[in-house]
Amino acid sequence: MTEDTTGTLQEPGSQWYDNEAGPLVRPYAMTGGRTRPGPTGVRFDLIALVTLDTGAPGMDDDTVLGPEHRALIDLCRTETQSVAELSAGTDLPVGVVRVLLGDLLELGRVIVSRPVPPAQLPDERILREVIEGLRAL
């Protein structure tokens, strides 16, 4: 046992524990040192929508997943969430969430819907003409 600056006895290795904040885990430990999601390098936009794939094989076997993976799955169980919402809901950095989502995507646990690029959206003028045409009916 060692004594800290406040005079409290601590066990060896307890410098990684903050009594008020709880155990401290560095982001690189959660991702195994990885900074990119999966071998394919998929990029998740902040507004990409993540849905739990309930039909995925082995969905009940969570033994291969870490606690952070399970926290993301739990958040997606109730409703579809954006990457930004998952980051806020788990209180994890966005970079960590992206790497963990890459793992879940490779395991087939989640489905990711990417936002439609603005260039592929229909022209506003065309939409107004369609609305006017519907009103004329």
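**Description of the overall build of the protein chain**
- Scanning the protein chain from N- to C-terminus turns up 5 helices and 7 strands.
- When its helices and strands are written in sequence order, the protein chain yields β-β-β-β-α-β-α-β-α-α-β-α.
- Burial status across the protein chain gives 27% buried among its 137 residues.
- Partitioning the intrachain contacts of the protein chain with sequence separation of at least 6 by distance along the chain shows that 68% fall at a separation of at least 24.
- Surface exposure of the protein chain reaches about 9600 Å², of which carbon and sulfur atoms provide 55%.

**Observations regarding unusual backbone geometry**
- Of note in this structure, Asp91 is not a glycine but carries a positive phi near 60°.
- For Asp91, a relative accessible area of 69% puts it in the exposed group.

**As for the environment of Ile73**
- Within the fold, Ile73 resides in helix α2 (residues 67-78).
- For Ile73, a relative accessible area of 1% corresponds to the buried category.
- Here the alpha-carbon distance between Ile73 and Val50, two residues 23 residues apart in the chain, equals 9.7 Å.

**So, the side chain of His69**
- Here His69 is to be found in helix α2.
- Residue His69 is classed as buried on the basis of its relative accessible area, which comes to 11%.
- Every residue in contact with His69, bar those within four places of it in the chain, is listed here: Leu100, Asp103 and Leu104.

**Considering the pattern of salt bridges**
- The tally for this structure, following the rule as stated, stands at 3 salt bridges.
- The salt bridge involving Arg77 is made with Asp74; its shortest N-O contact spans 3.3 Å. A residue pair is termed a helical-turn pair when its members lie 3 or 4 positions apart in one helix, as Arg77 and Asp74 do in helix α2 at 3 residues.
- Of the residues examined, Asp74 reaches a relative accessible area of 45% and is grouped as partly exposed.
- Residue Arg125 pairs with Glu129 through a salt bridge whose shortest N-O separation is 3.1 Å.

Conventions used here
Residues numbered from 1 in each chain as written. Predicted model: local features only at pLDDT ≥ 70, side-chain atom pairs only at ≥ 80, totals over all residues. Heavy atoms only, no water. Helix = DSSP H or I, 4+ residues; strand = E, 2+ residues; numbered from the N terminus. Buried < 20%, exposed > 50% of the residue type's maximum accessible area, 1.4 Å probe, protein only. Contact = heavy atoms within 4.5 Å. Areas by Shrake-Rupley, 256 points an atom, 1.4 Å probe, with all protein chains shown as cover. Salt bridge = Lys/Arg side-chain N within 4 Å of Asp/Glu carboxyl O.

No statement about biological role is implied by the geometric values presented.
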